[in-house]
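# Coordinate analysis (summary)
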Amino acid sequence: MGGVSRRAFTVAALSAFTMAPRASAAPAPDSAPAPSSGPAPAQGPAAGRSAAAGMRGMWLATVTGRDWPSRAGLRAAEQRAELVAHLDSAVRHNLNTVVFQVRPTADALWPSNHEPWSQYLSGSQGRDPGWDPLGTAVKEAHARGLHLHAWFNPYRVALRDDPGLLVPGHPARKHPDWVVPYGGQLYYNPGLPQVRAFVQDAMMDAVEKYAVDGVHFDDYFYPYPVAGQSFDDAGAYRTYGSGFGSRAAWRRDNVDRLVREMAERVRKARPSARFGVSPFGVWRNAATDERGSDTRAGVQTYDDLYADTRTWVREGWIDYVVPQLYWSIGQEAADYAKLLAWWNEVAEGSRTHLYVGEALYKSGDPAQSAAWQDPAEVSRHITLGARYPQVRGHVYFSAKDVAEDRSGAMARVAADHYTELAAVPR
């Protein structure tokens, strides 16, 4: 699913998201201590449908070296050993899928025909690290019986807003008219057809070269809103926005086109691969739209990121969805239990598989609410998910937290639910 990718900002900015409009780009949030309202599933093995089947995944984030590599500039053998160790960690915990971030900031963790080598490998954008991380990850994952999904961020160019810091020859420097500075970062403009075509080509380069089992987008489409700033796409709107009732409707159409076109290209180039998206967990609050969830989230994907995730699921444009339900059961503004029920209803009758994004990184973090200090909280999520027929598995953020398991929450999940191997979902 996204930390400064979902995930570079995942840890840094999460707590600001539910109660008030967010000021920085990050995935879904938890804020104040949660009351004990809502269902309280029993601990222990899941009731109903067995958790021994379905998706058991983890995100392996590379932006800013969140999970891997431990630092930029390691020797190739050291980087490889750390990567393989994460795959071995997935096996030890009886997981079956690794979602590997291979294009964090308009760069590449493979020898790309379109974009430079990622700075998170060597410490310098464009420098060859001396090996092929994506190719190695696919090979080593498959050798361990794991599926490997390639995780791409479509539009983020850089975590700083100075294009001069990009390597000479970077597409964003060749085409400065493609780029919008916003919130201290650089983004490709989703409203330009040539941008949409380029980012697809850049991602498809990996899909065509490697036997990936899935293609994965995180939660960043248009950037998360930054207070007091506007995303300057007025020129593109004047050129391409005729026929739309508002700029918001045009922006949503731009994102819809990216999703539909990428899905078609993935299915054509690699029919066995599955295409999925991991959005922020709230489509719209019910106070905004009666079809929305019983939440009071400060961010709504439909209105703020221009991502109509509900339609993508209902229309079957994507093979799977992994909403980032990064809240606890009973959390006041966004209750995990209520959101789980809402997403189950959205997925019912569609061809889209529903997996649930789990905030393992919050477990045991003293900065989080009281619910997250209980190592059984995540296990209760899995128990609750087994009661909903559309919930076909869970994905954990993120790999470092799976391996370190500082609170014992992952060990609790494994003991309660993952005592047997599970077939990878198709």
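Everything in this summary refers to the structure shown in the same document. (Residues numbered from 1 in each chain as written. Predicted model: local features only at pLDDT ≥ 70, side-chain atom pairs only at ≥ 80, totals over all residues. Heavy atoms only, no water.)

### A look at unusual backbone geometry
A cis amide bond, omega -10°, links Trp68 with the succeeding residue Pro69. Positionally, Pro69 belongs in the loop between strand 1 (55–60) and helix 2 (76–92). Phi is positive for Asp405, close to 45°, though the residue is something other than glycine. Turning to its location among the elements, Asp405 is positioned in the loop between helix 13 (399–404) and helix 14 (409–417). (Helix = DSSP H or I, 4+ residues; strand = E, 2+ residues; numbered from the N terminus.)

### Here's the deal with the packing of helix 11 (residues 336–347) against helix 12 (residues 377–385)
Put simply, helix 11 and helix 12 touch, their axes get as near as 11 Å, and they point 30° apart. Classified by the interaxial angle, the pair formed by helix 11 and helix 12 is roughly parallel. In terms of crossing hand, the pair formed by helix 11 and helix 12 is right-handed. Counting all contacts with helix 11, which are made through Tyr336, Ala337 and Leu340, the residues of helix 12 involved are His381, Leu384 and Gly385. Its residues assigned to classes, the contact of helix 11 with helix 12 shows 4 nonpolar, 2 polar and no charged. (Axes fitted to C-alpha atoms, helices over the stretch in contact; angles between N-to-C directions. Parallel < 35°, antiparallel > 145°, perpendicular 65-115°, else oblique. Left-handed = near helix turned anticlockwise from the far one by under 90°. Contact = heavy atoms within 4.5 Å. Nonpolar A, V, L, I, M, F, W, Y, C, P; charged D, E, K, R; others polar.)

### Focus: the packing of aromatic side chains
Two descriptors summarise a pair of aromatic rings, namely the distance from one centre to the other and the angle between the planes of the rings. Scanning the entire structure with this criterion turns up 26 aromatic pairs. With a centroid separation of 6.3 Å and an interplanar angle of 65°, the aromatic rings of Phe217 and Phe221 are classed as edge-to-face. A relative accessible area of 2% places Phe221 in the buried class. Plain terms: the ring middles of Tyr237 and Trp250 are 5.3 Å apart, the flat faces sit at 50° to each other, and that makes the pair tilted. One end of the pair, Tyr237, is in helix 7 (residues 234–240); the other, Trp250, is in helix 8 (residues 247–269), with 13 residues separating them in the sequence. Its relative accessible area of 21% is what places Tyr237 among the partly exposed residues. Put simply, the rings of Tyr182, Tyr187, Tyr222, Phe231 and Tyr306 pair up and form one aromatic cluster. Its guanidinium or amino end placed over the ring of Tyr220, Arg156 lies 5.2 Å from that ring's centre, counting from NZ or CZ. (Phe/Tyr/Trp six-rings, centres within 6.5 Å; stacked < 30°, edge-to-face > 60°. Buried < 20%, exposed > 50% of the residue type's maximum accessible area, 1.4 Å probe, protein only. Lys NZ or Arg CZ within 6 Å of the ring centre and 35° of its normal.)

### Considerations on the sheet that holds strand 6 (residues 185–188)
Each strand in a sheet pairs with its neighbour through backbone hydrogen bonds, running either in the same direction (parallel) or in the opposite one (antiparallel). Strand order in the open sheet formed by 3 strands is 4-6-5, and the pairing between neighbours is antiparallel. Each edge of the open sheet is held by one strand with a lone partner, namely strand 4 (156–158) and strand 5 (179–182). Between one strand and the next, the sheet's axes are offset by a mean angle of 35°, whatever the strand orientation. (Pairing = 2+ DSSP bridges.)

### Remarks on the sheet that holds strand 11 (residues 391–397)
Around the barrel, which closes on itself, the 8 strands sit in the order 1-2-3-7-8-9-10-11 with parallel pairing between neighbours. Note that strand 9 (residues 320–321) and strand 10 (residues 353–358) share 2 bridges and pair parallel. Bridging from a neighbouring strand, Tyr320 pairs with His353 of strand 10. Helix 12 rests against strand 10 and strand 11 of the sheet, and its axis sits at about 165° to strand 11.

### Some details on the side chain of Arg103
Along the chain, the position of Arg103 falls in strand 2 (residues 97–103). Judged by relative accessible area, Arg103 falls into the buried class, the value being 0%. Engagement of the side chain of Arg103 in a polar contact is seen with the side chain of Glu115, the distance being 2.6 Å. At a separation of 2.6 Å, a polar atom in the side chain of Arg103 contacts the main-chain carbonyl oxygen of Asn153. Beyond its immediate stretch of four places on either side in the chain, Arg103 contacts Trp110, Glu115, Trp151, Phe152, Asn153, Pro154, Tyr188, Val199, Ala202 and Met203. (Polar contact = N/O pair within 3.5 Å; in protein donor to acceptor, adjacent residues only side chain to side chain.)

### Focus on the pattern of salt bridges
Applying the stated rule across the entire model yields 23 salt bridges. Here Arg291 and Asp289 are joined by a salt bridge, their closest N and O atoms 2.9 Å apart. Residue class for Asp289 comes out buried when judged on its relative accessible area of 9%. Shared partners join several salt bridges into a network, and the residues in it are Arg80, Asp88, Glu140 and Arg144. (Salt bridge = Lys/Arg side-chain N within 4 Å of Asp/Glu carboxyl O.)

### Considering the pairing of strand 1
By the criterion of burial, strand 1 is predominantly enclosed, with 6 of the 6 residues buried. Side chains of strand 1 alternate between two faces, with Met55, Gly57 and Trp59 and Arg56, Met58 and Leu60 buried alike. Note on the crossover from strand 1 through helix 2 to strand 2: the handedness is right-handed. (Right-handed = clockwise from strand over helix to strand, strands pointing away.)

Functional significance is not addressed by these values, which are geometric in nature.
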